[in-house]
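# Geometric and topological summary
In case you want the letters, here they are:
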Amino acid sequence: MGKLYLIQLDGRIYSCRYCHSHLANCNELVSKHFHCRHGKAYLFNTVVNVSVGPHEDRRMTTGLHTVADIYCNCCQQIVGWKYELAHEPAQKYKEGKFILERAKVVDGDSNGNDCYLDSQTVSSDTEDV
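Heads up: these notes are all about the structure in this document. (Residues numbered from 1 in each chain as written. Predicted model: local features only at pLDDT ≥ 70, side-chain atom pairs only at ≥ 80, totals over all residues. Heavy atoms only, no water.)

## A word on the pairing of strand 5 (residues 50–60)
This is how the line gets drawn: Paired strands, in this sense, are two strands between which DSSP finds at least two bridges. A helix here means a DSSP run of H or I that spans at least four residues, while a strand means a run of E at least two residues long, and both kinds are numbered starting from the N terminus.
When strand 5 meets strand 6 (residues 63–72), the two strands line up antiparallel, connected through nine bridges. What sits directly across from S51, in strand 6, is Y71. Hairpin connection of strand 5 to strand 6: two residues between the antiparallel strands.

## Looking at the nonpolar core
Selection rule: For the purposes of this section, nonpolar cores are sets of buried Ala, Val, Leu, Ile, Met, Phe, Trp, Tyr and Cys residues that join through side-chain atoms within 4.5 Å. Burial here depends on accessible area, computed with a 1.4 Å probe over protein chains only, as a share of the maximum for the residue type. Under 20% is buried, over 50% is exposed, and the range in between is partly exposed.
Counting 15 residues, the largest nonpolar core has Y14, L23, F44, V47, I70, V79 and L100 as its most contacted members. Those elements that place two or more of their residues in this core are strand 1 (12–16), strand 2 (22–25), strand 4 (39–44), strand 6 and strand 8 (98–101). Grouped together as the second largest cluster of nonpolar side chains are nine residues, F34, A41, Y83 and I99 included.

## Quick word on the pattern of salt bridges
Inclusion rule: For this analysis, a salt bridge means a side-chain nitrogen from Lys or Arg found within 4 Å of a carboxyl oxygen belonging to Asp or Glu.
Across all of its chains, the model carries six salt bridges by this definition. E84 is paired through a salt bridge with K82; the nearest N and O atoms lie 4.0 Å apart. The closest approach of N and O atoms between E101 and K104, which form a salt bridge, is 3.6 Å. For the pair formed by E101 and K104, the shared burial category is buried.

## Quick word on the environment of Y5
Along the polypeptide, Y5 turns up in the segment before strand 1. In this structure, the C-alpha to C-alpha distance between Y5 and N49, residues 44 residues apart in sequence, is 8.6 Å.

## Describing the side chain of D69
Applied cut-off: Within 3.5 Å is the distance limit for a polar contact, defined as a pair of N or O atoms, with the added protein rule that one can donate a hydrogen and the other accept it, and that residues adjacent in sequence qualify only through two side-chain atoms. Whether two residues are in contact is decided by their heavy atoms: any pair within 4.5 Å suffices.
As for its placement among the helices and strands, D69 is situated in strand 6. Residue D69 is classed as buried on the basis of its relative accessible area of 16%. In terms of polar contacts, D69 uses its side chain to reach the side chain of R58, at 2.5 Å. In this structure, D69 is in contact with S51, V52, G53, P54, R58, I78, G80 and W81, ignoring residues within four places of it in sequence.

## Section: the sheet that holds strand 4
Two modes of strand pairing occur in sheets, parallel and antiparallel, and in both the strands are linked by backbone hydrogen bonds. Test applied: Here the axes come from fitting lines to C-alpha atoms, over the contacting stretch only for helices, and the angles between their N-to-C directions go from 0 to 180 degrees.
Read from one edge of the open sheet, six strands run 3-4-8-7-6-5, paired in antiparallel fashion. A strand with exactly one partner marks an edge of an open sheet, and here the two such strands are strand 3 (29–36) and strand 5. Within the sheet, the average angular offset between the axes of one strand and its neighbour, ignoring direction, is 30 degrees. The pairing of strand 7 (residues 78–86) with strand 8 spans three bridges and is classified as antiparallel. Note on strand 8: the bridge partner recorded for W81 is I99.

Okay, here's the thing in structure tokens:
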């Protein structure tokens, strides 16, 4: 196995709760108004240092979506999912975007200082269990 290269982000970031690898810059945050099995979830335009798993269809509160779990490249923990396809026309804006589960990330700046960016969730996109 080769050497693992991780992207280091600058500024305010979200990192993996388990290994602290950088996952997303706060500037890429689209919405904090999502929900998952473990609580709050945030929608991002782009994320880094993740691997995308196989596609699967999931029924969520906003309809059927084709998604793929995303795994931290460093520790291999599932940290969220990627929206591959939204079957409802009103949900097409999610395609190609990423969800990071709030319980699986920590926020702060690139120096490790907390940002406390959390906000109250008003709407959701919960996976049906």
